[in-house]
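# Observations on chain architecture
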Amino acid sequence: MENLKNHKLAKWVWMVLCLYVVALTCSIAGMELGAALLTLTAVFVVVSRLIRKESLKFLRFQGDFLLWGFIFFIVLGAALIPDLSIFERREIIRSSRLILTLYALLIAFWVLRVNATEKITLFLKTLFSAMIMVASYGIVQFFTGIDILRKAQYTDLIFSDRSVALFRVKSFYTNTMSYSYIFGMLFCVLVAFWYLKGIKFKNEWVLRIAVPIVLTSLFLTFTRGLWIGLIAALLVMSALLSWRLAVKTLIGIVFIFGILMAVSPSSRERIAGIVTIDQSSSERLQIWQNHWAMFKDHPLLGVGFEQNGRLMQEYNHKLFGHEWRVVHAHNHFLQILTGVGIFGFLFFLNFSLCMYWLAFKLWFESSRTDHFSRAIALGSIGAQTVFHVGGLTEAVFVDRESNHAYLLVIALTIATYSFMQYSKSNEFKHI
């Protein structure tokens, strides 16, 4: 292998990437396998370059030190927080592997860019095709409750009175939240490529049917946090394209939800729950109160990344005088603040803002004729909006499946922006 120029390596990377993104739409086990194979490939590339004394400069990106700071406080907590078992310390350190997945994805995109740029387009076509099939299955599931992967009947009905047998879409996942936020993020990328014509299928109708099918399946999840996040994302994305499109988008959203509230009392109850305090909202407030109290008692290092649940029952007794639910914080900002403390949280928050700003930089700095880069930028802005707005009512970042989708989006953003910068400086020949 000379530098990153190796067509056999590129072919292998492309196959593993395709496995990874297809799994992203339907299987956590497949995601983890794909991520592991990509990580091993990345280690091979890095070690080979180090042996040859070649530069790893292409792996530097805006805000990378913020991510490393976040990881540092995760690991520091595993080492210093008292009363953790060996198993818990190991799990905390294991959870920090997200940084390995991100760098593995970055290296994979660089290998494809240097050797076979067209493979990146094929990789995205594979992703969008898988989304169509999985979303179509989800729509069938909405009406039938079918769950072909599990023997137990799917019982997550939508309406509280159970008068209508309609089921929240979760597709192949174990819960509807994972489907909602993964497909919510990926939908933004899909709609950006459709609108900007960032890639072309042989049959143009593929993207045209993909957009309404995936959007319909997302609505049928009846996940209100996802609805809010997706509405915010579509308004931001359309505003970047034109203010007229933003107005049309807003009118369309108001019209659709207005019709649903007018014709369906059950839908009206569900939609009204967005702005009123129902049982679900009331429980979230108690969960937030519990986690905030936990943070105030452990402000510096937190209680351990993703270890909030081990103390929740204790705080249920302190605050409410009885045992209650042991769940995540239903807010990934509060979940992370409680888990890693104030310093780790500030690194996470600033890294998130940095990635969001990077997507805007890619949008404003890319050429208007570079439809691929602009689609990545627009899709990333939308996906990150879904991720963090949704994260206000759900711990999306610590959901393994959703976290993989987020890493994929920011890896595409970082790599595309870096490609653009290297192209402008004619440094590709040194890669």
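You'll find the structure just up there.
Anyway, here's the lowdown on the structure attached to this text. What you see is a predicted model; the values in this text were computed from it and never measured.

### Things to note about the nonpolar core
Ranked by size, the top nonpolar core spans 133 residues in total, and within it Phe-70, Phe-109, Phe-128, Phe-183 and Phe-397 carry the most contacts. At 15 residues, the largest contribution of residues to this core is made by helix H14 (residues 332-365). In this structure Phe-397 touches Phe-70, Leu-98, Phe-305, His-332, Ile-336, Phe-348, Phe-387, Asn-403 and Tyr-406, once residues within four positions along its chain are discounted. Formed by eight residues, the second largest nonpolar core is a distinct cluster that contains Met-294, Leu-311, Tyr-315 and Val-327.

### A few points about the layout of surface pockets
Of the voids in this model, the second largest pocket is the one considered here, and its volume is about 750 Å³. Considering the residues around the second largest pocket, the lining is formed by 28 residues, among which Phe-187, Leu-215, Leu-234, Thr-249 and Ile-253 are closest to the centre. When contributions to the lining of the second largest pocket are tallied by element, the ones reaching two or more residues are helix H7 (176-196), helix H8 (205-219), helix H9 (224-241) and helix H10 (243-263). Here the residues of the lining of the second largest pocket are counted per class, giving 23 nonpolar, four polar and one charged.

### A closer look at the packing of helix H6 (residues 118-144) against H7
Here H6 crosses H7 at 130°, and the two axes come no closer than 11 Å. Between H6 and H7, the interaxial angle falls into the category oblique. In the crossing of H6 with H7, the sense of the turn from one axis to the other is left-handed. Between H6, through Leu-124, Leu-127, Phe-128, Met-131, Val-134 and Ala-135, and H7, the contact on the second element is made entirely by Tyr-179, Phe-183, Leu-186, Phe-187, Val-189, Leu-190 and Phe-193. Residues belonging to the contact of H6 with H7 are distributed by class as follows: 13 nonpolar, no polar and no charged.

### Quick notes on the side chain of Glu-394
As for its placement among the helices and strands, Glu-394 is situated in the loop between helix H15 (371-390) and helix H16 (400-425). Assessed through its relative accessible area of 8%, Glu-394 is described here as buried. Among residues more than four places away in sequence, those in contact with Glu-394 are Met-177, Tyr-181, Arg-284, His-328, His-330, Asn-331 and His-332.

### Quick look at H6
Between its first and last C-alpha, H6 extends 40 Å over 27 residues, near the 39 Å set by a 1.5 Å rise per residue. Among the residues trailing H6, Gly-145 stands out with phi positive, at a value near 75°.

### Focus on a nonpolar patch on the surface
A grouping of Val-140, Ile-146, Ile-148 and Leu-149 is seen on the molecular surface, where their side chains present a nonpolar patch of about 360 Å² in accessible area. On the accessibility criterion, Ile-146 (36% relative accessible area) is partly exposed.

### Digging into unusual backbone geometry
In this model, Lys-53 sits at a positive phi of 60°, which is unusual for a non-glycine residue. Counting through the fold element by element, Lys-53 comes out in the loop between helix H2 (28-51) and helix H3 (64-80). In this model, His-330 sits at a positive phi of 55°, which is unusual for a non-glycine residue. Summarising the element assignment, His-330 is placed in the loop between helix H13 (309-320) and H14. Relative accessible area serves as the criterion here: at 12%, His-330 is assigned to the buried category.

### Digging into the packing of H3 against H14
What describes two packed helices is the angle between their axes and the distance between those same axes. Contact geometry for H3 and H14: axes closest at 8 Å, N-to-C directions at 170°. One way to sum up the angle between H3 and H14 is to call them roughly antiparallel. For the pair formed by H3 and H14, the contact residues are Phe-65, Leu-66, Leu-67, Gly-69, Phe-70, Phe-73 and Ile-74 on the first element and Ile-336, Val-340, Phe-343, Gly-344, Phe-347, Phe-348, Asn-350, Phe-351 and Cys-354 on the second. Here the residues of the contact of H3 with H14 are counted per class, giving 13 nonpolar, three polar and no charged.

### Structural notes on helix H5 (residues 98-115)
The terminal C-alpha atoms of H5, which comprises 18 residues, lie 26 Å apart, in line with the 26 Å expected from a rise of 1.5 Å per residue. Within H5, 15 of the 18 residues are buried, leaving the element largely enclosed by the surrounding structure.

### Observations regarding empty space enclosed by the protein
Taken as a whole, this structure holds three cavities of 30 Å³ or more when the rule is applied. Roughly 120 Å³ of internal volume is contained in the largest cavity. Together, 13 residues line the largest cavity, and Ser-95, Leu-98, Arg-400, Asn-403 and His-404 are the ones closest to its centre. Within the residue set of the lining of the largest cavity, elements represented by two or more residues are H5 and H16. When residues of the lining of the largest cavity are assigned to their parent elements, the largest contribution, four residues, is made by H16. Here the residues of the lining of the largest cavity sort into five nonpolar, four polar and four charged. Approximately 40 Å³ is the volume attributed to the second largest cavity.

### What about the packing of aromatic side chains?
Scanning all chains against the criterion turns up 33 aromatic pairs. Ring centres of Trp-110 and Tyr-422 lie 5.2 Å apart, and the angle between their planes is 70°; this geometry places the pair in the edge-to-face category. Placement of the pair is Trp-110 in helix H5 and Tyr-422 in helix H16, with a sequence separation of 312 residues. Classification of Trp-110 by relative accessible area gives buried; the value is 1%. By relative accessible area, Tyr-422 is classed as buried at 10%. Taking 6.5 Å as the distance between ring centres and 20° as the angle between the ring planes, the aromatic pair formed by Phe-360 and Phe-364 counts as stacked. Here the residue Phe-360 and the residue Phe-364 both occupy positions in helix H14, the gap between them amounting to four residues, near one helical turn. These aromatic residues form a ring-pair network of at least three members: Phe-70, Phe-305, Phe-333, Phe-348, Phe-387, Phe-397 and Tyr-406. The ring of Tyr-315 is capped by Lys-318, whose NZ or CZ atom sits 4.5 Å from the centre of that ring.

What counts as what
- Residues numbered from 1 in each chain as written.
- Predicted model: local features only at pLDDT ≥ 70, side-chain atom pairs only at ≥ 80, totals over all residues.
- Heavy atoms only, no water.
- Core = buried A, V, L, I, M, F, W, Y, C linked by side-chain atoms within 4.5 Å.
- Buried < 20%, exposed > 50% of the residue type's maximum accessible area, 1.4 Å probe, protein only.
- Helix = DSSP H or I, 4+ residues; strand = E, 2+ residues; numbered from the N terminus.
- Contact = heavy atoms within 4.5 Å.
- 1 Å grid on protein atoms, 1.4 Å probe; cavity = no way out; pocket = protein on both sides within 12 Å on 5 of 7 lines; lining within 4 Å.
- Points joined across faces, edges and corners; volume = space filled by probe spheres on them.
- Nonpolar A, V, L, I, M, F, W, Y, C, P; charged D, E, K, R; others polar.
- Axes fitted to C-alpha atoms, helices over the stretch in contact; angles between N-to-C directions.
- Parallel < 35°, antiparallel > 145°, perpendicular 65-115°, else oblique.
- Left-handed = near helix turned anticlockwise from the far one by under 90°.
- Expected span 1.5 Å × (residues − 1).
- Patch = residues over 30% accessible without salt bridge, like charges linked within 9 Å, V, L, I, M, F, W, Y side chains within 5 Å.
- Areas by Shrake-Rupley, 256 points an atom, 1.4 Å probe, with all protein chains shown as cover.
- Salt bridge = Lys/Arg side-chain N within 4 Å of Asp/Glu carboxyl O.
- Phe/Tyr/Trp six-rings, centres within 6.5 Å; stacked < 30°, edge-to-face > 60°.
- Lys NZ or Arg CZ within 6 Å of the ring centre and 35° of its normal.

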